[in-house]
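A structural walkthrough
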Amino acid sequence: AAAIKPQVKALGKSSHKPPPYGGWTEYWDEYLLYNPEKGFSWLIVEEGHYTLDRTTTIRPTGLTKYLAQKRSVGFGGQTYQVYDRGKAVLDEAEGETPWIAKPGDIFESVELIAPPKMVTVEKSKGEVEHFLGEYVEPREVWDGFKLPGEPPERHWVHGAQPFVESEFNAQAKWWTLGFAIVFCLLFVSSSLISKPNAALSQKFTPRFPEPFTTQSFEIKRPNTVCRVQTDASLSNSWLWLGIDVLDERNEFAGEVSVQMEEYHGTEGGYAWSEGNHKATALFVIKDPGTYRLRLIGEGGQGQGVKNFNPPISLTVESDYVPWRFYLLGFCFTMIIAFVMLSKKSSFESARWSEVIEDDDDDD
């Protein structure tokens, strides 16, 4: 922070803690600082978090002892929220302090936040003091006081800690949303507008293990996406098909494979079934021309490979648009965008989880 400069002098230190709660007690330190340009201020240090506080004559408006957390309070023309209330105990003091510090002294406090600012109202022995503080990044403290090493790691979110979005996240979330819109448009156009062409439809009963070659079909465009669909008459059996794509010269032009299985039965008086006797696969044909499919198969009942020749229906669709991949791309990019957009919300949830009370919504 601008107020933290090398010429700042630390005049005194006081350490505080809330009244002990079972085996857990939290400590924080307050350093009294003096700067010829800025005067006196307090550097509050709490587990890697730092705020720089100064006394102020401004008073909050609308603050009562019954006002619950997250309720709005006016302060200096800005809206703050009630963050936390509690009691603190002076554990020890050293050096100079602006009051007669006695270990064991108890004071009550109320914290109001409008990150990166925080207002603390302290009441002790009938006296009330108001402090206006601002969160200071640990690196600024380390550099300002020329401290050795690295600042301690922060493991929780401080009440006045501002949400700092990385430049990458700020840009990436909008790029991701842009890609999501593109995937959405591709999905809509491919599922509602684009229609595949029926290139081949054939029913046959193969004689595996001998290869079976289908009828010919024509491809008119380069780099055409095709979908092959198979439907086999299976009953408590399985079938694997290896499919080679052959051009008009009977040369290899691609390959895919499909697996089908269907099992059913009765157990405990209830009928059950599992598997699917249908399967689909995608392949790409690079050059226009006339093509055929050559099938080899393995299948049977139970384990082990046997000669198995069930009736099969096979269709090939050309100019197929894989809309499911666009849908998956849309869902994936939306999830990433949501995670990026929700970082601030998660940050705020972590901030309030440190102090939230059960009666948070009660006045």
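Just above, that's the structure.
This brings us to the overall build of the protein. In terms of helices and strands, the protein carries 4 helices and 19 strands. For the protein, buried positions account for 37% of its 363 residues. Carbon and sulfur atoms form 53% of the exposed surface of the protein, whose accessible area is close to 21500 Å².

The next thing to look at is the sheet that holds strand S17 (residues 278-285). Taking strand neighbours across the sheet as the criterion, the 4 strands line up as S10-S19-S13-S17 in an open arrangement whose pairing is antiparallel. With one partner strand each, in any of the chains shown, strand S10 (197-204) and S17 form the two edges of the open sheet. When the angles between neighbouring strand axes are averaged without regard to direction, this sheet yields 15°. Where S10 meets strand S19 (residues 312-318), 7 bridges bridge the pair, whose relative direction is antiparallel. Looking at S19, one finds that Lys-203 is bridged to Ser-313.

This part is about the state of the cysteines. According to the stated counting rule, one finds 0 disulfides in the structure shown. Among the cysteines around Cys-184, which has no disulfide bond, Cys-331 carries the closest sulfur, lying 9.8 Å off.

This part covers helix H3 (residues 323-341). Within an α-helix, residues lying three or four positions from one another point in the same direction, as the helix has 3.6 residues per turn. Under the 1.5 Å per step criterion, the end-to-end length of H3 is 26 Å for 19 residues, consistent within 8% with the ideal 27 Å. Looking only at H3, the buried set comprises Gly-329, Thr-333, Ala-337 and Met-340. An end-on view of H3 places all buried positions within 60° of arc, on one side of the element. Residues of H3 that are exposed and point over 90 degrees away from its buried face: Leu-328, Phe-332, Ile-335 and Phe-338.

Looking now at a nonpolar patch on the surface. The grouping of Ile-335, Phe-338 and Val-339 at the surface amounts to a nonpolar patch, some 330 Å² of accessible area in total. Within the element layout of this structure, Ile-335 appears in helix H3. Overall, the relative accessible area of 55% leaves Ile-335 in the exposed class.

With that out of the way, let us pick up the pairing of strand S15 (residues 252-267). Across 10 bridges, strand S14 (residues 237-247) lies against S15 in antiparallel orientation. Bridging from a neighbouring strand, Leu-241 pairs with Val-258 of S15. The turn joining S14 and S15, which pair antiparallel and follow one another in sequence, is formed by 4 residues; a positive phi near 65° is taken by Asn-250. For S15 and strand S16 (residues 270-276), the ladder comprises 7 bridges, and the chain directions are antiparallel. Counted as the bridge partner of Glu-261 is Asn-276 from S16. Counting the residues between successive antiparallel strands, the hairpin from S15 to S16 contains 2 residues, one of them, Gly-268, with a positive phi of roughly 65°.

Further remarks concern the nonpolar core. Within the largest apolar cluster, 28 residues are counted, with the highest numbers of intra-cluster contacts made by Val-228, Leu-239, Leu-241, Phe-283, Leu-293 and Val-316. Elements supplying a minimum of two residues to this core: S10, strand S12 (217-219), strand S13 (224-232), S14, S15, S17, strand S18 (289-300) and S19. Excluding residues within four positions of it along the chain, Val-228 makes contact with Ile-243, Val-256, Ala-279, Thr-280, Ala-281, Phe-283, Leu-293, Leu-314, Thr-315 and Val-316. Listed in part, the 10 residues of the second largest apolar core include Val-73, Phe-75, Val-82 and Val-119.

What counts and what doesn't
- Residues numbered from 1 in each chain as written.
- Predicted model: local features only at pLDDT ≥ 70, side-chain atom pairs only at ≥ 80, totals over all residues.
- Heavy atoms only, no water.
- Helix = DSSP H or I, 4+ residues; strand = E, 2+ residues; numbered from the N terminus.
- Buried < 20%, exposed > 50% of the residue type's maximum accessible area, 1.4 Å probe, protein only.
- Areas by Shrake-Rupley, 256 points an atom, 1.4 Å probe, with all protein chains shown as cover.
- Pairing = 2+ DSSP bridges.
- Axes fitted to C-alpha atoms, helices over the stretch in contact; angles between N-to-C directions.
- Disulfide = S-S within 2.5 Å.
- Expected span 1.5 Å × (residues − 1).
- Arc of directions from axis to C-beta.
- Patch = residues over 30% accessible without salt bridge, like charges linked within 9 Å, V, L, I, M, F, W, Y side chains within 5 Å.
- Salt bridge = Lys/Arg side-chain N within 4 Å of Asp/Glu carboxyl O.
- Core = buried A, V, L, I, M, F, W, Y, C linked by side-chain atoms within 4.5 Å.
- Contact = heavy atoms within 4.5 Å.

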